[in-house]
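# A closer look at the structure
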Amino acid sequence: MINPPIHRSQLANGITVLTIANPTADIVSGRFFIAAGSRWEKAERAGIAQLLTSVMTKGTQRLSALEIADRVESIGAGLGAETTTDYIKISLKTVKSDLIGIFKLAGEILRKPSFPEDQIALERKLILQAIRSQTEQPFNNAYRQLRTSLYGAHPYSRSSLGTAATLAQITRQDLVEYHQMHIRPDRLIVSLAGRITPDEAIALVTEVFGDWEIPQIEPPTIVAPDVVTQPQWQVEYQATQQAIVMLGYLAPPIHDPDSIALKLIDSYLSNGMSSRLFVELREKRGLAYDVSAFYPTRLDTSHFCAYMGTAPSNIRVALSGLRAEVDRLCIELLSAAELQTAKDKLLGQYALGKQTNGQLAQTYGWYELLGLSIDFDSQFDRAIQKLTSAQLQTVANKYLSEPHISIVSPQEEGMMAMAMA
């Protein structure tokens, strides 16, 4: 698929408008991004962004939750809100003929939520259930433990869901104040993809948001502590049939040139059933129920994680095998064939992630929030193609030498693993 043209403009009140014209189907998808995710929360109010977005679609100053749902479902459209680490997002999808109505509804939800007390209570209960569910999953416990080890006091150490204790303290007034502080036009990115022209997009955004004035107060900033932590072991005991072993390494944000090499390393280690980790640790040695790696894109310091789900009796050899495969990157050059296969996988997967209008609106809106140019696509492709095995080895030695280790297992196997440290 050839990437459609992208048009970027900005309204007088600071709203950035991205238009990705893709007229192949009579569908328009939209994403409204605001940098106001859990990264901006205070520790004692962890989970407030998640609760905010859960309640935003449950009532405005003019419409009830039922009326909002009816307006969306009666035309077969899609409309929702969510929180991630780095942003709050409203998503929409509709046929072109219904775009104006759904877009206005999304604007009303974003600007004028009513935060009904009964809906706050309901959504708080649902989030608490999600938190309890996470504590029952060994992978989530290992990953939570790893983030705490990696990030210390930085907001990235926390779950975007918050905790039972912090959620209990969040009041309706807290939600109102968080909304007033963070949801503002000069922090809004509107990304529209589908059968829509740049002129139509600008006119629509102007109609709905053009009268939205920038608040007199300065936009919120975050003063996050520097992430400088020393590698450590963390072991948590849980009654589980499967043990989780994780290696974690602090890694650069997407703006750092080294991030491109780490994306390729991630592809080499974990992309598919022919990946290095899958072949060596699952297929050849039978150690893993599940084995993979990931390197999430972040505004601040990110992390590189390699993990394995294995039988508790295999923790010692699984940990040794997982470390050996990561350490191999630091001491051995990838062959020409290995390097090219990793490049082909990564660029192919990257292209497949931009097939739908929703994916296009998501991708380019996220780029904008990250501060990347609309030409990042072509820059990324060229940068990947230029990478050499020697450059990957240099980056691996820079970031992947000494891991933080997180293990979740039954107690006796956890004690055994600790004895290895």
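In the block above lies the structure referred to throughout.
Right, let's walk through the structure included here. Every value quoted in this text rests on a predicted model; they were computed, and no experiment measured them. (Residues numbered from 1 in each chain as written. Predicted model: local features only at pLDDT ≥ 70, side-chain atom pairs only at ≥ 80, totals over all residues. Heavy atoms only, no water.)

Moving on, we get to the nonpolar core. Among the nonpolar cores identified, the biggest contains 124 residues, and Phe-32, Phe-103, Leu-110, Phe-209, Ile-265, Phe-304 and Leu-400 are the most heavily contacted of them. Built from parts of two domains, this core gets at least three residues from each of domain 1 (6-210) and domain 2 (233-417). In contact with Phe-209, other than residues within four places in its own chain, are Asn-13, Ile-15, Phe-32, Phe-103, Gly-107, Leu-110, Arg-111 and Leu-188. (Core = buried A, V, L, I, M, F, W, Y, C linked by side-chain atoms within 4.5 Å. Buried < 20%, exposed > 50% of the residue type's maximum accessible area, 1.4 Å probe, protein only. Domains from an automatic or database assignment. Contact = heavy atoms within 4.5 Å.)

Okay, the packing of aromatic side chains next. Under the defined criterion, the tally for this structure stands at 16 aromatic pairs. A centroid spacing of 5.0 Å and a plane angle of 75° characterise the contact between Tyr-367 and Phe-376, whose relative ring orientation is edge-to-face. Since its relative accessible area comes to 7%, Tyr-367 is described here as buried. Using a relative accessible area of 10% as the deciding quantity, one classes Phe-376 as buried. A network of ring pairs unites the aromatic residues Tyr-350, Tyr-364, Tyr-367, Phe-376 and Phe-380 as a single cluster. (Phe/Tyr/Trp six-rings, centres within 6.5 Å; stacked < 30°, edge-to-face > 60°.)

Bridging between strand β1 (residues 6-10) and strand β2 (residues 16-21) involves 5 bridges; their strand directions are antiparallel. Opposite His-7, over in β2, you have Thr-19 as the bridge partner. Linkage of β1 to β2, two consecutive antiparallel strands, is achieved through a turn of 5 residues, within which Gly-14 is found at a positive phi near 95°. (Pairing = 2+ DSSP bridges. Helix = DSSP H or I, 4+ residues; strand = E, 2+ residues; numbered from the N terminus.)

Another point: the packing of helix α9 (residues 258-270) against helix α15 (residues 389-399). Running from amino to carboxyl end, α9 crosses α15 at an angle of 95°, the nearest separation of the two axes being 9 Å. With respect to each other, α9 and α15 are oriented roughly perpendicular. Residues Asp-258, Ala-261, Leu-262, Leu-264 and Ile-265 of α9 form the contact with α15, whose own contacting residues are Leu-392, Val-395, Ala-396, Lys-398 and Tyr-399. Partitioning the contact of α9 with α15 into residue classes produces 8 nonpolar, no polar and 2 charged. (Axes fitted to C-alpha atoms, helices over the stretch in contact; angles between N-to-C directions. Parallel < 35°, antiparallel > 145°, perpendicular 65-115°, else oblique. Nonpolar A, V, L, I, M, F, W, Y, C, P; charged D, E, K, R; others polar.)

What is shown is where atoms sit, not what they do.
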